[in-house]
Amino acid sequence: MAKAVVIGSGIGGIAAAIRLAVKGYSVTVLEANASFGGKMTQFTLPGGYRFDAGPSLFTLPQLVDDLFTLAGRNPKDYFRYQRLPIVTQYFWPDGTRLTAHSSAQAFAQEVETKLGIPQEQLHRHLEKVARLYHATAHTFLHKSLHKLDTYLSPDVLKTLPALPELGLTTTMHAANARAFSDPRLVQLLDRYATYNGSDPYQAPGTLNLIPHLEFNIGAFYPEGGIFAIAQSLVRLGEELGVEFRYNELVQEIITEGSRATGVRTPQGTFAAEVVVSNMDVVPTYRKLLPHQSAPERTLKQPRSSSALIYYWGISRTFPELDLHNIFFSQNYQQEFEHIFQKETVAQDPTVYVNITSKYTPSDAPAGHENWFVMVNVPHNAGQDWDELITQTRQAVITKVSKALGVDLAQLITTEKVWDPRGIEADTSSFAGALYGSSSNNRMAAFLRHPNFTSKLKGLYFVGGSVHPGGGIPLCLLSAKIASDLVPQVSAAVRI
Ligand code: FAD
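Residues numbered from 1 in each chain as written. Predicted model: local features only at pLDDT ≥ 70, side-chain atom pairs only at ≥ 80, totals over all residues. Heavy atoms only, no water.

**Comments concerning the layout of surface pockets**
By volume, the second largest pocket is sized at about 340 Å³. Looking at the second largest pocket, it is lined by 20 residues, and the ones nearest its centre are His125, Lys128, Glu165, Ala175 and Ala179. Those elements that provide at least two residues to the lining of the second largest pocket are helix H4 (119-140) and helix H7 (172-179). For the lining of the second largest pocket, the element with the highest residue contribution is H4, accounting for 6 residues. Of the residues that constitute the lining of the second largest pocket, the class distribution is 8 nonpolar, 8 polar and 4 charged. (1 Å grid on protein atoms, 1.4 Å probe; cavity = no way out; pocket = protein on both sides within 12 Å on 5 of 7 lines; lining within 4 Å. Points joined across faces, edges and corners; volume = space filled by probe spheres on them. Helix = DSSP H or I, 4+ residues; strand = E, 2+ residues; numbered from the N terminus. Nonpolar A, V, L, I, M, F, W, Y, C, P; charged D, E, K, R; others polar.)

Structure follows, in structure tokens:
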């Protein structure tokens, strides 16, 4: 039976393993950590708190369902989720509060009531982003941008008429500021640049398609939290015969001539016809393929932002908060200048608070909440993170205390911090970047590493550092694109 080895069990690696098993390969996943999930992991803190460590917002759940369906299973037997009625609660320093309802109708009404912007204006905007998403997603997200077939496909014909409206020649911020006069709504829409670790003042207007996912398709919450995605997919993989081996650090991709033929770990050698790297593409070349010529231009693309995350047990509940909450900074442009130009953290950063105990009460003791408090920060470039963690913690406490009228410091019962150094150490993500390279220039989509390399047959790439990019949905799509390029070895065998 043809063998495939997957390096890493992040969401992209798990999805690739399932797809290759369905294709008829005997699949082994080699994971350096003691468990699966990579950034999508979970942990508990003393006092009865559970936290999802990394991703918290879940869109396009269909892409998870597709894996179960592909394997002949009913997704609902493995994994359940619900559409959120409220996507995010927003708080501005001037005291404005706005509820971003999942229903476009309710959101438009709220924007009219709170910000005085006519509903029709927002509806027209959301219709436009929906149109552009449908015109482009198939080419840019579902296919390799490095294969001629993609450009010969009829889907490209759908993309061409949309090009003038796509905002390729303007920035996200400029496009949003042209569409809306209220700076608070502009800030809210600019924020979507952070969904792939980018800067709205540099990233192309094309990224203004992202809100389509939340308002037109929906934001979702998996039963039990985000980690349930990885858990349910590993269960499926195991049922399909995928072997997951933990504490197994891949140190080398073995090559013979122009083929990848397996990998080496301290425990032994694994021969394979297909090798899939779910490790960040930069260390894949630097550490596992040191003797191959590396695609330097691709590897040197600027990194996406990283994050400082404070995981706090909080000794009371806040009815005014929901699953996702944002406390905006006063000066958004300055905040992004700090992240991407000065490579530090602004004095007054935007604060994101995720509280899964709102939906999974067992994630915190009764009368308490589990707060995942995140600030966007630069990737690791050797900053004094201990100092920044202390400074930012104080800034967050001051800001959120003021917005909620409490003394937050008194409510924190337990704490853990994850910073860019830890993110890199725990997941091998180069410089601790959350999403691989940033999308801060017009060519970024084309400069991400493809899901294959023409230099080494049999080697494929999945995960957030390669095409089509970071975030759960795109990592799942990377696995689809890569496995579509892998030859079929037999009919779906174990279904
Ligand atoms: P990774 O999660 O990067 O995992 C790679 C795995 O490979 C790791 O387990 C690692 O140990 C293993 N590995 C690496 N090298 C080796 C080796 N040599 N040998 C063996 N194993 C190896 N996305 C969203 O969609 N929504 C969000 O709200 C969101 N928020 C985020 C918040 C935070 C704090 C973080 C950190 C990320 C967030 N993301 C979010 C991004 C999302 O988590 C990632 O894009 C996605 O999970 C990355 O998956 P991946 O397949 O690239 O693998």
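Now that the structure is up, let's keep going.
**Regarding the sheet that holds strand S11 (residues 252-256)**
The sheet built from 3 strands is open, its strands ordered S11-S12-S13 with antiparallel pairing. Since the sheet does not close on itself, it has two edges, and those belong to S11 and strand S13 (268-271), each with one partner. The sheet shows a mean angle of 30° between the axes of neighbouring strands, direction not considered. In terms of strand pairing, S11 meets strand S12 (residues 259-265) through 5 bridges, oriented antiparallel. Bridging from a neighbouring strand, Glu252 pairs with Arg264 of S12. (Pairing = 2+ DSSP bridges. Axes fitted to C-alpha atoms, helices over the stretch in contact; angles between N-to-C directions.)

**Quick look at the packing of helix H1 (residues 11-22) against helix H17 (residues 472-485)**
Packed helices, taken two at a time, are described by their axes: the angle between them and the distance between them. Two elements in contact, H1 and H17, have axes whose closest approach is 8 Å; the angle formed by their N-to-C orientations is 35°. As for how H1 packs across H17, the hand of that crossing is right-handed. Contacts between H1 and H17 involve Ile11, Gly12, Ala15, Ala16, Arg19 and Leu20 on the former and, on the latter, Ile472, Cys475, Leu476, Ala479, Lys480 and Ser483. Considered class by class, the residues forming the contact of H1 with H17 number 8 nonpolar, 2 polar and 2 charged. (Left-handed = near helix turned anticlockwise from the far one by under 90°. Contact = heavy atoms within 4.5 Å.)

**A closer look at the packing of helix H2 (residues 62-70) against helix H10 (residues 227-239)**
Two elements in contact, H2 and H10, have axes separated by 11 Å at closest approach and are oriented at 15°. Taken together, the axes of H2 and H10 are roughly parallel relative to one another. Handedness of the crossing formed by H2 with H10: left-handed. For the pair H2 and H10, the contacting residues are Val64, Leu67 and Phe68 in the first and Ile229, Ser232, Leu233 and Leu236 in the second. (Parallel < 35°, antiparallel > 145°, perpendicular 65-115°, else oblique.)

**Here we look at the confidence of the model for the chain**
For the chain, the average pLDDT comes to 95, and 99% of its residues sit at 70 or higher. Interface confidence for the predicted complex, given as ipTM, is 0.99, next to a pTM of 0.96. (pLDDT = per-residue confidence, 0-100.)

**Digging into the site of the ligand**
Within the structure, the ligand sits among 36 residues, and Gly12, Glu31, Lys39, Gly464 and Ile472 are positioned closest to it. Within the contact set of the ligand, an oxygen atom lies 2.8 Å away from a backbone nitrogen or oxygen of Gly12. One of the backbone N or O atoms of Ser56 is found 3.0 Å from an oxygen atom in the ligand. Of all the secondary structure elements, the ones that give two or more residues to the shell around the ligand are H1, helix H15 (420-427) and H17. (Near = heavy atom within 4 Å. Polar contact = N/O pair within 3.5 Å; in protein donor to acceptor, adjacent residues only side chain to side chain.)

**Examining the UniProt feature "domain: Amine oxidase" (unreviewed entry) in the chain**
Those places that UniProt annotates as "domain: Amine oxidase" (unreviewed entry) correspond, in this numbering, to residues 11-486. Along residues 11-486 the backbone is 35% helical and 20% strand, and the end-to-end C-alpha distance reaches 19 Å. (UniProt positions renumbered as here; feature names shortened; annotations may be inferred.)

**Considerations on the domain arrangement of the chain**
The domain architecture assigned to the chain consists of domain 1 (3-34 + 246-298 + 435-485) and domain 2 (82-122 + 165-222 + 303-427). Relative placement of domain 1 and domain 2: their C-alpha centres are 31 Å apart. Contact with domain 1, which involves 12 residues of that partner, is made by 16 residues of domain 2. Buried area between domain 1 and domain 2, both sides added, is near 1100 Å², and the carbon and sulfur share of it is 44%. Broken down residue by residue, the surface that domain 1 buries against domain 2 is led by Tyr435, Asn440 and Arg442, which jointly contribute 49%. Along the contact surface separating domain 1 from domain 2 lie 0 salt bridges. The interface formed by domain 1 and domain 2 includes 6 residue pairs in polar contact (both at pLDDT 80 or more). (Domains from an automatic or database assignment. Buried area = accessible area lost by both parts, 1.4 Å probe. Salt bridge = Lys/Arg side-chain N within 4 Å of Asp/Glu carboxyl O.)

**Examining the pattern of salt bridges**
Inspection of every chain in the model, using the stated rule, returns 18 salt bridges. Taking the shortest distance from any N to any O, the salt bridge between Asp386 and Arg421 comes out at 2.9 Å. Here Asp386 is found in helix H14 (residues 385-404), whereas its partner Arg421 is found in helix H15, with 35 residues between them in sequence. Note on Arg421: relative accessible area 33%, which makes it partly exposed. Residues joined in a network through salt bridges with shared partners are Arg50, Asp52 and Asp363. (Buried < 20%, exposed > 50% of the residue type's maximum accessible area, 1.4 Å probe, protein only.)

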